[in-house]
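Observations on chain architecture
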Amino acid sequence: MVSSRLTPYYFLAPAILATAAIVLYPVASTLWMSFHDFVLYRPFDVPFTGLRNYERLLADEAFWISLWNSFVWVGLAVGLQFALGMTAALILNESFAFRSLARALVVVPWALPSVIIGLMFTWVYDYNLGLLNDILLRFGFIKSPVAWLADPDIALYAVIVALVWQGFPFFAVIILAGLQAIPGDLHEAAEIDGATRLQRFRHVVWPGLKGVILTALLLRTIWVANSLDVILVMTGGGPGYATHTLPLYAFLRAYSGMEFGYGSALAVVLTLFLISVAAFYVRRTMREAFR
Amino acid sequence: MIDRRSRTQRFFEIELPAAILIVIALAPYAWMAITSIKPTADIARFPVVYWPDEPTLIHYADLLARTTFPKNLLDSFIVAVSACALGLGLSVPAAYAFSRFGFFGRRFLMTQFLTINMFPIVLMIIPLFVAMRSLGLLDTVPGVVLGHATFAIPFAIWMLTSYLNGIPKELDEAAMVDGASRVQTIVKILLPLAAPGIVSTGIYIFVASWNEYLFAMMLSGQNVRTVTVALQMFIGEYTIQWGLLTAGGTLVALPVTLLFLFVQRHLIGGLTAGAVKS
Amino acid sequence: MKRRTFLAATTAAIAAPAIVNAQGTTTVRWWYHFDNPQHSPAELIAKFEAANPGIKIQAESIPWGGGNDYYTRLYAALVANNAPDCAMVKLANMSRLLEMRALEPLDQQIGGWADASDISANLWNLHKAPDGKRYYVPLQYVVLYLYYRVDLFQQAGVAAPKTFDEFLKAAQATTKGDVFGFGMRGGAGGHDHWGSFVLGGGATFEKGGMVTPKALEANRWFVALGRDHKVFPPSAPNDGFRQIVDNFKAGRTAMTIHHVGSANEMVDALGDKVSAVPVPRAADGKGWTSFGDESNAIFASSRNKAAAFRWISWLSTNESNVEFNKFTGQLTVSNKGAANWTLHPKRFVDASAQSLAIADTLPNVPATADFLRTVWPTNMQRALLGQIQPDDMMRAIERHYHG
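The rules behind these values
Residues numbered from 1 in each chain as written. Chains lettered and ligands numbered in written order. Predicted model: local features only at pLDDT ≥ 70, side-chain atom pairs only at ≥ 80, totals over all residues. Heavy atoms only, no water. Salt bridge = Lys/Arg side-chain N within 4 Å of Asp/Glu carboxyl O. Helix = DSSP H or I, 4+ residues; strand = E, 2+ residues; numbered from the N terminus. Buried < 20%, exposed > 50% of the residue type's maximum accessible area, 1.4 Å probe, protein only. Expected span 1.5 Å × (residues − 1). Bend = angle between axes of the 7 residues up to and from the residue. Contact = heavy atoms within 4.5 Å. Buried area = accessible area lost by both parts, 1.4 Å probe. Polar contact = N/O pair within 3.5 Å; in protein donor to acceptor, adjacent residues only side chain to side chain. Axes fitted to C-alpha atoms, helices over the stretch in contact; angles between N-to-C directions. Parallel < 35°, antiparallel > 145°, perpendicular 65-115°, else oblique. Left-handed = near helix turned anticlockwise from the far one by under 90°. Nonpolar A, V, L, I, M, F, W, Y, C, P; charged D, E, K, R; others polar. Patch = residues over 30% accessible without salt bridge, like charges linked within 9 Å, V, L, I, M, F, W, Y side chains within 5 Å. Areas by Shrake-Rupley, 256 points an atom, 1.4 Å probe, with all protein chains shown as cover. Domains from an automatic or database assignment. Pairing = 2+ DSSP bridges. 1 Å grid on protein atoms, 1.4 Å probe; cavity = no way out; pocket = protein on both sides within 12 Å on 5 of 7 lines; lining within 4 Å. Points joined across faces, edges and corners; volume = space filled by probe spheres on them. Phe/Tyr/Trp six-rings, centres within 6.5 Å; stacked < 30°, edge-to-face > 60°. Lys NZ or Arg CZ within 6 Å of the ring centre and 35° of its normal.

As a further point, take the pattern of salt bridges. The final tally for this structure, using the stated rule, is 26 salt bridges over all chains. Among the ionic pairs, Glu49 of chain C bridges to Lys56 of chain C, the shortest N-O distance being 3.9 Å. Among the salt bridges present, the one from Arg395 of chain C reaches Asp392 of chain C, with a minimum N-O distance of 3.0 Å. Here Arg395 of chain C and its partner Asp392 of chain C are both found in helix 18 (residues 390-402), 3 residues apart, which amounts to about one turn of the helix. We classify Arg395 of chain C as partly exposed; its relative accessible area is 41%. Overlapping salt bridges, with partners in common, bring together Asp126 of chain A together with Arg242, Asp246, Lys249 and Glu265 of chain C in one network.

Below, the structure written as structure tokens:
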């Protein structure tokens, strides 16, 4: 079979068509809305306002707080998910008695809907009736209960813990699959050559994993940056603006204020930030992949 | 693999960390499971009740007999399996193209697949609802499946491309030089080698669909209703049905965990072992 | 008027073939939300269909999701021209639905409905739109009152408070050890608590009404309950209805404000130790408590308005309305139905009835929905945490309503 120049496009066509059919229109209309004063309950009066929604952002205190929280949110949640997931994958790649059970149990957090996770953690964090305060009080780690979700200095981190718990199995599964693709012979050879475990990790494991890990990190960053259901359930963005992130703020503007124009502008700004992160990454990996 | 570590060393370096890992992964889930067997009066009691005096399965009985939960589980399963099949069916060929060809628009298309996923979904659901309505797909299995699959495609393509990039091109080139057709090369050489990656991407799509709430809430209705939407029904305006909610939450995690246990045993292990030896 | 007749004529023309199928039955799509999914309106529907051959009810249960999901679905369906014929709705969303021109005025049909007079004039007035027309048919309601712990009050030697001053004394007297005097709701929906003291204390939603000296003073007093007197639990800024009810049930708070919907679970947990009175009033005798409403409305896009009205009016009629409230745990709108009410212990129904005199809803304007969801919670939380001054909070609310 001779491959024509069109061959790759045949392989791509189904995915492109499906995506275009379903996603293109919503994305385009979000962009369109961001340039209009679009209030959902005023469908007959949608004036074009150009960049006014974007100008309004700059003077909006809540936007800046949300932006900063988003950085903290993405940085900590992705970083910790990765660290925990990597550790888990390395442990699970060893052989031990209850390995396949352990491999299956580790995915439990990932197998739960966000709404349930949000509610369970809220319940565990409860000031009066929560498990966490009760345990900490019993062991004497704290003198009086802590209002985990009502204290603005703690709330964001308390929510991040829930998200880390939910997300680390993703990294564990992805990295484990990558680890398994590394030929065992390589390990043995390295070990016979007297390489320490750290050396083996750097020279044998890491090169094989790098591509998968970078991709997983990028995809997870996008996912975490956009995820809001856990925050929504646990704090609704409060107390004050303490747990507002950009997508949550966009969501509140859109569905509570019904200001889809302004909400869309917030969403576009978030997307621009993510694109700049991704652009840096894509440039690097593409160069490597194009041999 | 040769292991020169002593038993104690192994215990502290592998088995203990593995046990801690399981505790971390299970503790909140276990707390939910315990809550689900408490009588209603014990659920919100001060001081905290760690283990009920009279464990009860009443919440499970109510859940299975008096709500639509069993049907919702089935709906979720159908949707997740279909989304997984459709998602892989669309993204494996695309990832193959991205990984094995250099062509005009390659970087652009790949970036587009990523960009499209960066929009917060929440703002897109009303236009999506309008689009699905005009396609006549509201409250149908294909509608929800299409929604879940298309939004998983970008992730899937990217993951798969990086797995495929990890497999030396020389392998399939050699096969094609030996006279194998492109399809044969893909089916016989590439897919088995990429199996762990494909399986974990498949699991990713399955889980994403299984847990997805927003699309399911907007696009489903009376005919199709996934478990996430059904669970949300237990959170009312003035009350939360804690018993039903925790019982439902406990059950929801089981299919994915069992699936994973199965995949673990029968697919990943065997396939990688085979692949690695070649 | 002209426009309406024109619309009516066109819809009738389009509707005629669409609504009547081969057997001559009309199908009415109705959206509802129940707190407990174990309840199903199937029996009620069967009863209605038996009494009204030719009408079939297609009931669709929509997740409430804190109010968000239900209304997101509803607005999306309206935008996509896929709305049901009728649905359960709340006053807070009326003005938005009106701006979308989504609602059908029902005055004419209500005029021809014999049992309309069984719903009190008070209720009809509360549900009137700003333009004077009636778009909503009341279905159920609750009035917020003050729960208090009889035993803790006796131990502390205080009586159930009637005024703000007595409230503060009672809260201070019962705050000790593990117990806080008042379980305050600072998360979304908690404006009810704030309203009793700040709207009751003289603040209004008129232009300038939030920033009068009296209004500012009332709000300072309320914030001080938490910040200076510390009679709220520290978790108050994030507490929702579940936390305030659970904390009260667990004996961690001595008072809280909620409604008859939680009365039965309170009695299950606390028995005779719990009772209720209307919320306290200001020194000048003024008071405010929140009226929690739920109605049915018919959408302008419906092709089956007559059948839809038959259904929603039937739901608000005597026995069927009482049956309906068994599923939701709220109070019937039917006077006849209320006469022999057995769903809740009497003391809580009485406290609700006594509270009606000061019960009111928030302004029927589009800004209210956002006030409830974000403006009030965010500013209240920040004020309780000391991130902003109480007066800043009032200025923010004034700005939200009047720019």
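Our next topic: helix 9 (residues 197-226) of chain A. An ideal rise of 1.5 Å per residue puts 44 Å on 30 residues; helix 9 of chain A reaches only 37 Å between its terminal C-alpha atoms. Approximately 55° is the largest bend angle found in helix 9 of chain A, and it occurs at Trp206 of chain A, with the proline Pro207 of chain A only one to four residues beyond.

Turning our eyes to something else, we now look at the interface of chain B and chain A. Taken together, the contact between chain B and chain A spans 104 residues of the former and 106 residues of the latter. A combined buried area of about 9,600 Å² lies between chain B and chain A, and 78% of that area is made up of carbon and sulfur atoms. Together, Met118, Phe119 and Leu123 of chain B form the three largest contributors to the area buried by chain B at its contact with chain A, with a combined 8%. The tally of links between chain B and chain A comes to 0 salt bridges. Where chain B meets chain A, there are 8 residue pairs in polar contact (both at pLDDT 80 or more).

Below, the discussion takes up helix 13 (residues 305-315) of chain C. Counting buried residues in helix 13 of chain C gives 8 out of 11 residues, a clear majority hidden from the surface. Within helix 13 of chain C, the full set of buried residues consists of Lys305, Ala307, Ala308, Phe309, Trp311, Ile312, Ser313 and Leu315 of chain C.

Right, let's talk about the interface of chain C and chain B for a bit. In this complex, chain C contributes 35 residues to the contact, which on the side of chain B involves 32 residues. For the pair chain C and chain B, the summed buried surface comes to about 3,000 Å²; carbon and sulfur atoms form 58% of the total. Broken down residue by residue, the surface that chain C buries against chain B is led by Asp35, Gln38 and Arg73 of chain C, which jointly contribute 22%. For the interface between chain C and chain B, the tally reads 0 salt bridges.

Residue and element names in this part refer to chain B. Note on placement: Lys38 falls in the loop between helix 1 (7-36) and helix 2 (40-43). A residue is classified by how much of its surface remains accessible, and Lys38, at 2% relative accessible area, is buried. As a C-alpha pair, Lys38 and Asp53 span 15 residues in sequence and 8.4 Å in three-dimensional space. Apart from the residues within four sequence positions on either side, Lys38 is in contact with Trp31, Ile43, Val49, Pro52, Thr56 and His59.

Running from amino to carboxyl end, helix 1 (residues 7-34) of chain A crosses helix 6 (residues 121-134) of chain B at an angle of 130°, the nearest separation of the two axes being 8 Å. Accordingly, the angle class assigned to the pair helix 1 of chain A and helix 6 of chain B is oblique. Relative to helix 6 of chain B, helix 1 of chain A is oriented so that their crossing is right-handed. Across the interface between the two elements, Ile22, Val23, Tyr25, Pro26, Val27, Ser29, Thr30 and Met33 of chain A from helix 1 of chain A touch Leu123, Met124, Pro127, Leu128, Val130, Ala131 and Met132 of chain B from helix 6 of chain B. In the contact of helix 1 of chain A with helix 6 of chain B, the residues fall into 13 nonpolar, 2 polar and no charged.

A surface patch of nonpolar side chains, about 590 Å² in accessible area, is lined by Ile135, Phe139 and Phe141 of chain A together with Tyr50 and Trp51 of chain B. When you line up the elements, Trp51 of chain B lands in the loop between helix 2 and helix 3 (58-66). Looking at Trp51 of chain B, the relative accessible area reads 52%, which means it is exposed.

Quick look at the domain arrangement of chain C now. It is common to give the size of an interface as the accessible area that goes away when the parts come together. Residue and element names in this part refer to chain C. The assigned domain composition of chain C is domain 1 (2-140 + 292-342) and domain 2 (143-290 + 352-402). On a C-alpha basis, the centroid separation for the pair domain 1 and domain 2 is 32 Å. Each side of the interface is counted separately: domain 1 has 13 residues, and domain 2 has 13 residues. Taken together, the two surfaces of domain 1 and domain 2 that pack against each other cover about 1,100 Å², and 55% of this comes from carbon and sulfur. Inspection of the domain 1/domain 2 interface yields 0 salt bridges. Run the count over domain 1 and domain 2 and you get 2 residue pairs in polar contact (both at pLDDT 80 or more).

Moving on: unusual backbone geometry. Note on backbone geometry: most residues besides glycine have negative phi, and most peptide bonds are trans. Despite not being glycine, Asp139 of chain B has its phi angle at roughly 55°, a positive value. With respect to the helices and strands, the residue Asp139 of chain B is situated in the loop between helix 6 and helix 7 (141-165). For Lys230 of chain C, which is not a glycine, the phi torsion comes out positive at approximately 55°.

Note on strand geometry: in a regular strand, side chains alternate between the two faces of the sheet. Residue and element names in this part refer to chain C. With 5 of 5 residues buried, strand 5 (residues 145-149) is to be regarded as a mostly interior element. Alignment of strand 5 against strand 7 (residues 253-258), held across 4 bridges, turns out to be antiparallel. Each bridged residue has a counterpart across the sheet, and for Tyr147 the counterpart in strand 7 is Thr256. Note that strand 5 and strand 8 (residues 274-277) share 4 bridges and pair antiparallel. Each bridged residue has a counterpart across the sheet, and for Leu146 the counterpart in strand 8 is Val277.

Residue and element names in this part refer to chain C. The strand order across the open sheet formed by 4 strands is 6-7-5-8, and the pairing between neighbours is mixed. Every interior strand has two partners, whereas the edge strands, strand 6 (180-183) and strand 8, have only one. Across the sheet, the axes of successive neighbouring strands diverge by a mean angle of 20°, strand direction being ignored. Along the sheet face, helix 9 (residues 191-198) touches strand 6 and strand 7 and points at about 95° away from the line of strand 7. In the packing of helix 16 (residues 346-355) onto the sheet, contacts are made with strand 5 and strand 8, and the angle to strand 8 comes to roughly 15°.

So, about the environment of Arg29 of chain C. Residue and element names in this part refer to chain C. Take Arg29: it is sitting in strand 1 (residues 26-32). Distance from Arg29 to Val211, taken between C-alpha atoms, is 46 Å for residues 182 residues apart in sequence. Excluding anything up to four places from it in sequence, Arg29 contacts Gln58, Glu60, Asn82, Ala83, Pro84, Asp85 and Cys86. At 2.8 Å, the side chain of Arg29 forms a polar contact with the side chain of Glu60.

The next point concerns empty space enclosed by the protein. Overall, the coordinates contain 5 cavities of 30 Å³ or more when judged by the stated rule. The calculated volume of the largest cavity comes to roughly 120 Å³. If you go around the largest cavity, you meet 14 residues; those closest to its centre are Asp126, Tyr127 and Leu149 of chain A together with Ser235 and Asp239 of chain C. When residues of the lining of the largest cavity are traced back to their parent elements, those giving at least two are helix 5 (114-125) of chain A together with helix 11 (241-249) of chain C. Of the residues assigned to the lining of the largest cavity, the class counts are 7 nonpolar, 5 polar and 2 charged. In this structure, the second largest cavity spans a volume of roughly 60 Å³. If you go around the second largest cavity, the residues you meet are Glu237 and Tyr238 of chain B together with His33, Phe34, Asp35, Met88, Gln140, Glu294, Thr328 and Gln330 of chain C.

For the structure on display, the rule yields 65 aromatic pairs over all chains. Ring centres 5.2 Å apart and planes at 70° place the aromatic pair Tyr9 of chain A and Phe103 of chain B in the edge-to-face group. With Tyr9 of chain A in helix 1 and Phe103 of chain B in the loop between helix 4 (69-100) and helix 5 (106-115), this pair bridges two chains. Judged by its relative accessible area of 28%, Tyr9 of chain A is partly exposed. Ring centres 5.0 Å apart and planes at 80° place the aromatic pair Tyr145 of chain C and Tyr147 of chain C in the edge-to-face group. When its relative accessible area of 0% is taken as the criterion, Tyr145 of chain C is described as buried. Within the aromatic cluster, the residues linked to one another by ring pairs are Trp30, Tyr32, Phe34, Phe48, Trp311, Trp314, Phe324 and Phe327 of chain C. Here Arg220 of chain A stacks its cationic end above the ring of Trp223 of chain A, 4.3 Å away from the centre of that ring. One Lys or Arg, Arg134 of chain C, reaches over the ring of Trp124 of chain C and ends 4.9 Å from the middle of that ring.

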